[in-house]
Amino acid sequence: MGYFLAPSTRVALSRLVTLDTAPGSAPLERLRAIRSLLFELDADPATLVGVRDALSGGADWDEIADTAGLKPAAAKWRWSGTDAEIAARQAAGRKRSARPSAVPTDLPGLSVSEAAAQLGVTAQAIYLKLSRGKLAGRTVELPDGRSYKRVFLNEDPDARLDRAESAADNDPTASPRCTLTTEPSP
């Protein structure tokens, strides 16, 4: 076994073969060994060498992607260019994935989904309650143009709404009696 696989890949393959031939091996150990081998094969330099050999032998990215079970753009992203270019792309991808969410966390009130979870209803129900004046809410617009609908439960003083009386019933044909104002965030 192994004239082109890296030592770590050979170890993972050997472990899987051992588990495959061992009667009564633990299912989670087998799964762990399979996943470990897949990880090692994906990172193995032999994979990149194989792709480069295929390209120099006349294969195109569509064929390589099909063989690898990827789309052509993903195959090119993984394996095109020099070792330094590939490493730079992978480092940039890791850096992007480590960024925090772009949604601000210091907005007043609750998001529609947070309010829905707290009240045990759907987001659609929250929007309906807002339109009928059953809940207080406003749209917060950020300086960069993004806007977020915020919901205020229990007459939160941050709501800053022009509130009128709530709708008397749930008649969907009744017009809402609450005027929502849109104020830019401070």
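Conventions and cut-offs
Residues numbered from 1 in each chain as written. Predicted model: local features only at pLDDT ≥ 70, side-chain atom pairs only at ≥ 80, totals over all residues. Heavy atoms only, no water. Salt bridge = Lys/Arg side-chain N within 4 Å of Asp/Glu carboxyl O. Helix = DSSP H or I, 4+ residues; strand = E, 2+ residues; numbered from the N terminus. Buried < 20%, exposed > 50% of the residue type's maximum accessible area, 1.4 Å probe, protein only. Polar contact = N/O pair within 3.5 Å; in protein donor to acceptor, adjacent residues only side chain to side chain. Contact = heavy atoms within 4.5 Å. pLDDT = per-residue confidence, 0-100. Pairing = 2+ DSSP bridges. Lys, Arg positive; Asp, Glu negative; His and termini not counted. Axes fitted to C-alpha atoms, helices over the stretch in contact; angles between N-to-C directions. Parallel < 35°, antiparallel > 145°, perpendicular 65-115°, else oblique. Left-handed = near helix turned anticlockwise from the far one by under 90°. Nonpolar A, V, L, I, M, F, W, Y, C, P; charged D, E, K, R; others polar.

Caption draft 1: Main features of the pattern of salt bridges. On inspection of all chains with the given rule, the structure shows four salt bridges. Across the salt bridge formed by Arg78 and Asp42, the nearest N and O atoms sit 2.8 Å from each other. Of this pair, Arg78 sits in helix α5 (residues 72–79) while Asp42 sits in helix α2 (residues 27–43), and the two are 36 residues apart along the sequence. The class of Arg78 is partly exposed, set by a relative accessible area of 28%. You can call Asp42 partly exposed: its relative accessible area is 42%. A salt bridge links Asp83 to Arg52; its shortest N-O distance comes to 2.9 Å. You can see Asp83 sitting in helix α6 (residues 83–97) and its partner Arg52 sitting in helix α3 (residues 45–56), a full 31 residues away along the chain.

Caption draft 2: How the structure looks around the side chain of Thr9. Residue position: Thr9 is located in helix α1 (residues 7–21). Only 3.4 Å separates the side chain of Thr9 from the backbone oxygen of Glu40, close enough to count as a polar contact. Excluding anything up to four places from it in sequence, Thr9 contacts Leu37, Glu40, Leu41 and Asp44.

Caption draft 3: Just the confidence of the model for the protein, in detail. Summing up the model confidence of the protein, the mean pLDDT is 80 and the portion of residues at 70 or higher is 78%. Looking at the elements of the protein, mean pLDDT is at its lowest for strand β4 (residues 183–184), recorded as 50, and at its highest for helix α4 (residues 61–68), recorded as 94.

Caption draft 4: Quick peek at the pairing of strand β2 (residues 136–141). Both β2 and strand β3 (residues 147–152) contribute to a ladder of six bridges, which runs antiparallel. Along β3, the bridge assignment pairs Gly137 with Val151. Between β2 and β3, which pair antiparallel one after the other, the connecting turn spans five residues, and Gly145 there sits at a positive phi close to 100°.

Caption draft 5: Structural detail: the side chain of Glu40. Residue placement: Glu40 occurs in helix α2. The buried charged residue Glu40 lacks any salt bridge partner; its closest oppositely charged side chain belongs to Arg10, at an N-O distance of 11 Å.

Caption draft 6: Looking closely at the pairing of β3. Bridge count for strand β1 (residues 110–111) against β3 is two bridges, and the pairing is antiparallel. If you follow Leu110 over to β3, its bridge partner there is Val151.

Caption draft 7: Inspection of the packing of α1 against α2 at higher detail. The contact between α1 and α2 brings their axes to 9 Å, and the two run at 155°. The orientation of α1 with respect to α2, classified from their angle, is roughly antiparallel. Between α1 and α2 the crossing geometry is left-handed. In contact with Ser8, Thr9, Ala12, Leu13, Arg15, Leu16 and Leu19 of α1, α2 contributes Glu29, Arg30, Ala33, Ile34, Ser36, Leu37, Glu40 and Leu41. Partitioned by chemical class, the residues of the contact of α1 with α2 number eight nonpolar, three polar and four charged.

Caption draft 8: Representation of the environment of Ser111. Its location among the elements puts Ser111 in strand β1. C-alpha of Ser111 to C-alpha of Ala123: the two residues are twelve residues apart in sequence and 9.6 Å apart in space. Discounting chain neighbours no more than four positions away, the residues touching Ser111 are Lys149, Arg150 and Val151.

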